[in-house]
Amino acid sequence: MQDLAIQLQNVNKHFSYFDLENVDLTLPKGQIMGFVGANGAGKSTTIRLIMGLMQADSGDVTVLGQSMPKMQTQVKQDLGYSSEEMKLYGAQNLAWHINFIKSVYPSWDDSYAKELLHRFDLNLEQKVKQFSKGQHIKAQLLLVLARKPKLLVLDEPTTGLDPVARQEVNNELALILRDEERTVLFSSHNTADVEKISDQITFIDRGRIIDSHDKETYLDSWRRIQLELPSELPLQPTGNVIQIEQEGRIASVISNKFDPLILEAYQQQNIKINAVENMNLEEIFLANVNRSRIVRTKGAQQ
Amino acid sequence: MNTLMITKLINKDWQLYKLYIAGYIALGCIAAILMTMPSYTVFYIGVVWLITILIGASAHIILSTTISEIKESQFSFLMGLPIKPIDYTISKLIGGLGIYLVCWLPIVAVLIGLILTSKLPDGMVPIALILCLEILVAAAILLCVSILSSSLPVSIIVMVILNVFFNLFMFYVAGLNEIGPFIEQPDIAFNSTVFTIIAAEIGVIALVVSVTLYIKSRKACFL
């Protein structure tokens, strides 16, 4: 328990048109977790529960060893939070915001703030309303990072940025997060952003956690196998195959626990293996979502 | 209750609005001076101006510190700070009313001072005090409604109702036998009716603030 920064156990939250169901999530200290889901999948709701901004209907939310939302004041002292929807005071400049945050957090590190200011290329005297969206996000990150929180929760920090600004923020974030031992929960619907930064990746869809592993496990275990069948009869699932797409004698299968034995099994059935392809995180995410939705639909029909 | 953070949040709001407050005080004082001019027209311009400044300042400060902060998403920035919802509510109640009082008190003090030192009849003091306090009551109600509803339309509707009520209240108080006949007298007539109305006004402020605190204290989370 002490080694976990975040632990959600069987957490449920009901809304009129959306339910977060039986969410179990653990993030060990020192890890960077990418939290991936489509829009409306439940990422922000989960993060709000973690932040103690919302009360779960049932289940336990423990952050930095303390129960949330009961201990939110103490926990938020060691927790940095930034979200896409968050805005600073437009009429004030960055120096004003820094002074305010500095007065709240004794852990504020002036020299690190200066370093970030330089790295993010921000002007202390510039009013926030004159910032571009990218600058606004960088300013928010500066305010969060320079107080050296034990746990960093970033809710879609790059959403809404143009590709250039997104890459800029991601590059800086990747550099900063590599610099030090931090525990980070980073939500996004953009798998490329998450792949770049995260050690662990959790997928959420329609209010349920559908998969959670470290990045290497995903990349090592998932394969797409291109096959040429001896006939047009439907291909039967073999081993850990979660998806089969077939058109005539050509089939493409996805395995989420790839084992070379599966290739031998196909060869024994006179199936020609045309290619075994690695999958990127986006493909893995999409396959995971499709599988989860099929399973849920079947479950609902039964 | 996180007193340190509440103080910091109030100080933050003060820094955001202190220039506006200075402007409102200056305009309010000018209005009070106009009331002392030897012309009925200028006197009434001064009265209308003064009421407008007091009501306008309350609406500006209250709607900006509560509703705009939520609408413009600075509330998300504040929710991440080491505070509970009740800390935020207390900061808004004390801050909103306190910042408004920084504007209200000098204007009312200047008004009373001018009534007492100018050719205006001193008998105006009780009704001036009662009406200015009514504006303070309306400000407290608007503040509490804004905090509880977090809704701009609801707050504006309540503000309109309060302004209509102010006009009715003004005519009602001026028509009271214990107040009306003394307005143009050279001496101040503080009687039991005046004290009862003032006590009731202070009571209403205490009541709406307490009810708001009670409702908000039952909320463990911001959302």
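An unreviewed UniProt entry lists chain B under the name ABC transporter permease, with Paraglaciecola algarum as the source organism.

Per an unreviewed UniProt entry, chain A is named ABC transporter ATP-binding protein, and its organism is Paraglaciecola algarum.

Enquirer: So what's going on with the overall build of chain A? Which residues, and what values?
Expert: Each helix and strand in chain A was counted, giving 10 helices and 14 strands. Residues classed as buried in chain A amount to 52% of the 302 residues present. A separation of at least 24 residues holds for 69% of the contacts in chain A among residues at least 6 apart in sequence. Surface summary for chain A: the accessible area is close to 13900 Å², and the carbon and sulfur share equals 45%. Here chain A carries 33 positive and 39 negative side-chain charges, and the mean point of each set is 5 Å from the other.

Enquirer: Summarise the interface of chain A and chain B; cite the residues concerned and give the values.
Expert: In this assembly, 28 residues from chain A lie in contact with 25 residues from chain B. Carbon and sulfur atoms make up 65% of the area that chain A and chain B hide from each other, which totals about 2300 Å². Taken together, chain A and chain B are joined by zero salt bridges. For the pair chain A and chain B, the number of links is 14 residue pairs in polar contact (both at pLDDT 80 or more). Of all the secondary structure elements, the ones that give two or more residues to the side of chain A that touches chain B are α1 (43–51), α2 (72–77) and α3 (94–104) of chain A. No other element matches α3(A), which puts six residues into the side of chain A that touches chain B.

Enquirer: So what's going on with the domain arrangement of chain A? Which residues, and what values?
Expert: Residues and elements named next belong to chain A. Assigned domains within chain A: domain 1 (4–218) and domain 2 (222–301). Placing the centre of domain 1 and that of domain 2 at their C-alpha centroids yields a distance of 35 Å. Taken together, the contact pairs 16 residues of domain 1 with 11 residues of domain 2. Carbon and sulfur atoms make up 56% of the surface buried where domain 1 meets domain 2, a total of about 1300 Å² over both sides. Taken together, domain 1 and domain 2 are joined by two salt bridges. Glu 21 serves as the salt-bridge partner of Arg 296, at 3.5 Å between the closest nitrogen and oxygen. Linking domain 1 with domain 2 are seven residue pairs in polar contact (both at pLDDT 80 or more), by the criterion used here. Only β3 (32–37), α7 (191–197), β9 (200–205) and β10 (208–214) provide two or more residues apiece to the side of domain 1 that touches domain 2. When residues in the side of domain 1 that touches domain 2 are grouped by element, the largest group, four residues, is from β9.

Enquirer: Mind laying out the packing of helix α2 (residues 40–71) of chain B against helix α4 (residues 85–117) of chain B, listing which residues take part and the relevant values?
Expert: All names here are of chain B. Running from N to C, α2 and α4 point in directions that differ by 165 degrees, and their axes come no closer than 11 Å. The angle between the axes of α2 and α4 places the two elements in the roughly antiparallel class. Seen along the crossing, α2 lies across α4 with a hand that is right-handed. Here Leu 50, Ile 53, Leu 54, Ile 55, Ala 57, Ser 58, Ile 61, Thr 65, Thr 66 and Glu 69 of α2 come into contact with α4, specifically with Tyr 88, Lys 92, Gly 96, Ile 99, Tyr 100, Cys 103, Trp 104, Ile 107 and Leu 111. Residue classes in the contact of α2 with α4 are distributed as 13 nonpolar, four polar and two charged.

Enquirer: Which residues make up the pairing of β9(A), and what values go with them?
Expert: Walk down a regular strand and you will see the side chains alternate between the two sheet faces. Residues and elements named next belong to chain A. Buried residues dominate β9, accounting for six of its six residues. The alternating pattern of β9 places Gln 200, Thr 202 and Ile 204 and Ile 201, Phe 203 and Asp 205 on opposite faces, both of which are buried. Where β3 lies against β9, five bridges are found, and the strand directions are parallel. If you follow Phe 35 over to β9, its bridge partner there is Thr 202. Bridge analysis of β9 against β10 gives six bridges, and the strand direction is antiparallel. Residue pairing across strands places Ile 204 opposite Ile 209, the latter belonging to β10. As consecutive antiparallel partners, β9 and β10 are separated by two residues, and within that stretch Arg 206 has a phi angle of approximately 45 degrees, a positive value.

Enquirer: Tell me about helix α5 (residues 133–145) of chain A, and name the residues and values.
Expert: Two residues of an α-helix separated by three or four positions point the same way, owing to the 3.6 residues in each turn. Residues and elements named next belong to chain A. A rise of 1.5 Å per residue sets the reference length of α5, with its 13 residues, at 18 Å; its end C-alpha atoms lie 18 Å apart and thus fit the reference within 8%. Most of α5 sits inside the fold, with 11 of its 13 residues counted as buried. Gly 134, His 136, Ile 137, Lys 138, Ala 139, Gln 140, Leu 141, Leu 142, Leu 143, Val 144 and Leu 145 are the residues of α5 that are buried.

Enquirer: Before we move on, can you summarise the environment of Val63(A) with the specific residues and values?
Expert: Checked against the element boundaries, Val63(A) lands in strand β4 (residues 58–63). Each C-alpha atom, one on Val63(A) and one on Ile32(A), is 15 Å from the other, the two residues being 31 residues apart in sequence.

Enquirer: For the sheet that holds strand β7 (residues 151–155) of chain A, give the residues involved together with the corresponding values.
Expert: Residues and elements named next belong to chain A. Here six strands make up an open sheet; going across it, the order is β6-β7-β8-β3-β9-β10 and the pairing mixed. Since the sheet does not close on itself, it has two edges, and those belong to β6 (79–83) and β10, each with one partner. For this sheet, the mean inter-axis angle between neighbouring strands, taken without regard to orientation, is 15 degrees. Note that β6 and β7 share five bridges and pair parallel. By the bridge assignment, Ser 83 is partnered in β7 with Asp 155.

Enquirer: Give me the pairing of β6(A): which residues, what numbers.
Expert: For β6(A), the tally of buried residues reaches five of five residues, placing the bulk of the element in the interior. Of the two faces of β6(A), the one lined by Leu79(A), Tyr81(A) and Ser83(A) and the one lined by Gly80(A) and Ser82(A) are each fully buried.

So, how was this worked out
Residues numbered from 1 in each chain as written. Chains lettered and ligands numbered in written order. Predicted model: local features only at pLDDT ≥ 70, side-chain atom pairs only at ≥ 80, totals over all residues. Heavy atoms only, no water. Helix = DSSP H or I, 4+ residues; strand = E, 2+ residues; numbered from the N terminus. Buried < 20%, exposed > 50% of the residue type's maximum accessible area, 1.4 Å probe, protein only. Contact = heavy atoms within 4.5 Å. Areas by Shrake-Rupley, 256 points an atom, 1.4 Å probe, with all protein chains shown as cover. Lys, Arg positive; Asp, Glu negative; His and termini not counted. Charge placed at Lys NZ, Arg CZ, Asp CG, Glu CD. Buried area = accessible area lost by both parts, 1.4 Å probe. Salt bridge = Lys/Arg side-chain N within 4 Å of Asp/Glu carboxyl O. Polar contact = N/O pair within 3.5 Å; in protein donor to acceptor, adjacent residues only side chain to side chain. Domains from an automatic or database assignment. Axes fitted to C-alpha atoms, helices over the stretch in contact; angles between N-to-C directions. Parallel < 35°, antiparallel > 145°, perpendicular 65-115°, else oblique. Left-handed = near helix turned anticlockwise from the far one by under 90°. Nonpolar A, V, L, I, M, F, W, Y, C, P; charged D, E, K, R; others polar. Pairing = 2+ DSSP bridges. Expected span 1.5 Å × (residues − 1).

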